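# Geometric and topological summary
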Amino acid sequence: MPRHDRDSPSRLRIRDTISEAAAAVAQRPIRTLLTALGTILGVGAFVTTTGLAETARAQVSSRFDALKATEVRIQDAAPDGTNSFPDDVDLRLEALNGVYHAGLYFTIPDTGAIQPRNTATRPVGTVSRPIAVIAATPGAVEASLPVLSTGRLYDQFHETRGEHVALIGRAAASQLGIARVDNQPSVFLADTAYSVIGIIDDVARNPDLLLAIVIPVTTAETDFPADSVERQVIIDTTPGAAQLIGHQAPIALRPQQPERLQALVPPDPQTLRNQVESDVQSLFYALSGLALLIGAVAITNATLLNIIERRPEIGLRRALGATRGHITRQITLEAALTGTLAGILGATIGLIAVITVSVARQWTPTIEPALLLAAPAIGIATGTLAGLIPALKASRTPPAETLRT
Amino acid sequence: MTIAPDDAAPTNDDVVVEADGLARVFPGPPPVTALRPCSFTIRRGEYVAITGASGSGKTTLLSLLGLLDIPSAGRYLLDGVDVAGLSDRRRSAVRARRIGFVFQAFHLIGYRTVLDNVELGLLYQGIPKRQRRTRALAVVEQVGLGHRRHALCSRLSGGEKQRVAIARTLVREPSLVLCDEPTGNLDSGTTAQVLSLIDELHRAGLTIVVITHDPAIAAHAQRNLVISDGVLIEPGRVDATT
């Protein structure tokens, strides 16, 4: 060998460093898996928690938007036994931009004289449970988002003319023995017959409608003394309009004295959503960070143990001419490769976990693609940082000492 | 104490190892003197055995000669270059290109193949992969393990392992081969095979230093140095300049 070759420094090519590190990682798969386990769990937990946070946030948003955030109720701020609402509640409120349906409703007090019954099937006094009678304008019925099993709803024609028509809830219909309306059934309230024109099968709001007979407000006020009854207005708004309608509705209903009416609006969905998102995300990010920290500690620990076990190999490499830098480089690269592998496996496990939980809860899984791409990068960073200390420690041990073990 | 080889006044090119007052004291407390100052030379192509009881300082001397440890005092010239005071990086370079080791514990990488382990001997010389493989294949055939070249080292017998270790040394073409109890973990039959291989290395012109506690193994060498309680002597050949 020429003299100048023999005096040149020892050299480890980049390609050889990579292949040596890859061989150490690939040819001992069980050891690699055990070393990577902490990071796999850390990255998996990170992807799972972040993915579930995203999914839950989307879920929270859709729930808020769907129902809660579109309902406004108006009631008398200081009930004094008089009617605080005008006669044309529906018209006034439905004229507002952002209102789908709105109307007045109240429960008619039953002192025992009403005795709702279907005379075709049962004589007076045989109804097993008392059935409530609710007076509601057509707008109030529609704002409850009813689903009819048969028949139709009454409308402003019935309302303004004080027609003796009735809708009956599913439970009340069952109790009264009415299952169809094409035979024009009637129910008696006190001594007055009401034509049943529809049966309400379900409602999204005001579930008490299902247990009641519902009649127009004008009809109710004519047939039953109801001045002192506490009335309420229900409004179905477009998503995001509830706050504004809650402010406008009292003015529209009682412009001369809007403070007499009190609007019950849901919490501002944007504020609430932001708060929930912030809370949920802070919690999940904290958990993710903790999981990653545990992963980093685990990979450091596993790499340290691995280094102790491989001291003879490190001593051999030093004896064969490896510099401290070569040893540091190889072990750090091994840790980085292990971390990358852990990142990919962790992201896969996390993704499966998010999908599984979402399917079980009937949620739509929502996950940022960038998060999945970031997972291997997190693995590399964790692996490199965690492997650096053991690598430096290994390279600094005198070769004579490592060969003796 | 100075020990010279048989022929007086060798030229610089003939000398591979020149130790002058080489000593090793491990710092305490209390400090332990593992090797007292010793001076000796080893000529190119010589086969030297260093014998001594366990704990006498044999391995310390081998570590110093192999640049695995740093002497506390003295001068050490390898191929005429003073290597005692080199930086760690330069010492690594000297190890990579001039020194070969054969260990009692073989020190093979068990999860790699025979060829991979032999190639490892050239890894830190910066030789491209293809050249490494070609040279490694030739040497593996030379030590009679051609049929086992793709076997994992963890699955080899003790004798095969030591032959791989010798092949790993041979492929490097070192100036100096240091063998630390090379047959310590082998039975008598395999010992004979391994000693025969070391004899072959010597016949091929390599300079061999074998450390052993076994006089029968030392008998293969041309020269015998004895170390006792950290003091190195060559029976019957003490130089007057001591």
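Residues numbered from 1 in each chain as written. Chains lettered and ligands numbered in written order. Predicted model: local features only at pLDDT ≥ 70, side-chain atom pairs only at ≥ 80, totals over all residues.

### Notes on unusual backbone geometry
Test applied: Helix and strand definitions follow DSSP, with helices as H or I runs of at least four residues and strands as E runs of at least two, each counted in order from the N terminus. Between the buried cut of 20 or more and the exposed cut of 12 or fewer other C-beta atoms within 10 Å of a residue's own C-beta lies the partly exposed class, and all C-beta atoms are placed from the backbone.
Even without a glycine there, the phi angle at A:Q362 is positive, about 60°. The topology assignment puts A:Q362 in the loop between α12 (324–361) and α13 (369–396). Judged by C-beta crowding, with 7 C-beta atoms within 10 Å, A:Q362 ranks as exposed. Phi is positive for B:L67, which is not a glycine, with a value near 60°. Assignment of secondary structure puts B:L67 in the loop between α1 (58–65) and β5 (73–78).

### Things to note about the interface of chain B and chain A
Size of an interface: often given as the accessible area lost when the parts come together. Inclusion rule: Each residue is represented by a C-beta atom placed from its backbone, and any two residues with such atoms within 7 Å are regarded as in contact. Throughout, the ten residues Ala, Val, Leu, Ile, Met, Phe, Trp, Tyr, Cys and Pro are labelled nonpolar, Asp, Glu, Lys and Arg are labelled charged, and all others, Gly among them, are labelled polar.
In this complex, chain B contributes 26 residues to the contact, which on the side of chain A involves 26 residues. Secondary structure elements with two or more residues in the side of chain B that touches chain A: α2 (88–98) and α3 (114–123) of chain B. Considered class by class, the residues forming the side of chain B that touches chain A number 11 nonpolar, seven polar and eight charged.

### Some remarks on the packing of helix α5 (residues 158–170) of chain B against helix α6 (residues 188–203) of chain B
Residue and element names in this part refer to chain B. As a reminder of what qualifies: To obtain each axis, a line is fitted to C-alpha atoms, and for helices this fit is confined to the stretch in contact; angles are then taken between N-to-C directions over 0 to 180 degrees. Each angle receives one of four descriptions, namely roughly parallel if under 35 degrees, roughly antiparallel if over 145, roughly perpendicular if within 65 to 115, and oblique otherwise.
Between α5 and α6, the shortest axis-to-axis distance is 9 Å and the interhelical angle comes to 10°. Taken together, α5 and α6 sit at an angle that is classed as roughly parallel. Counting all contacts with α5, which are made through G158, G159, Q162, R163, I166 and L170, the residues of α6 involved are T190, Q193, V194, L197 and L201.

### Side note on the packing of α3(B) against α5(B)
All names here are of chain B. Filter applied, for reference: By convention, the crossing between two helices is left-handed when the near helix turns anticlockwise from the far helix through less than a right angle, and right-handed when the turn is clockwise.
Direction vectors running N to C along α3 and α5 enclose 35°, while the axes themselves pass 7 Å from each other. Two packed elements cross with a definite hand, and for α3 against α5 that hand is right-handed. Listed contacts from α5 to V114, N117, V118, L120 and G121 of α3 are V164, A167, R168 and T169. A class-by-class count of the residues in the contact of α3 with α5 yields five nonpolar, three polar and one charged.

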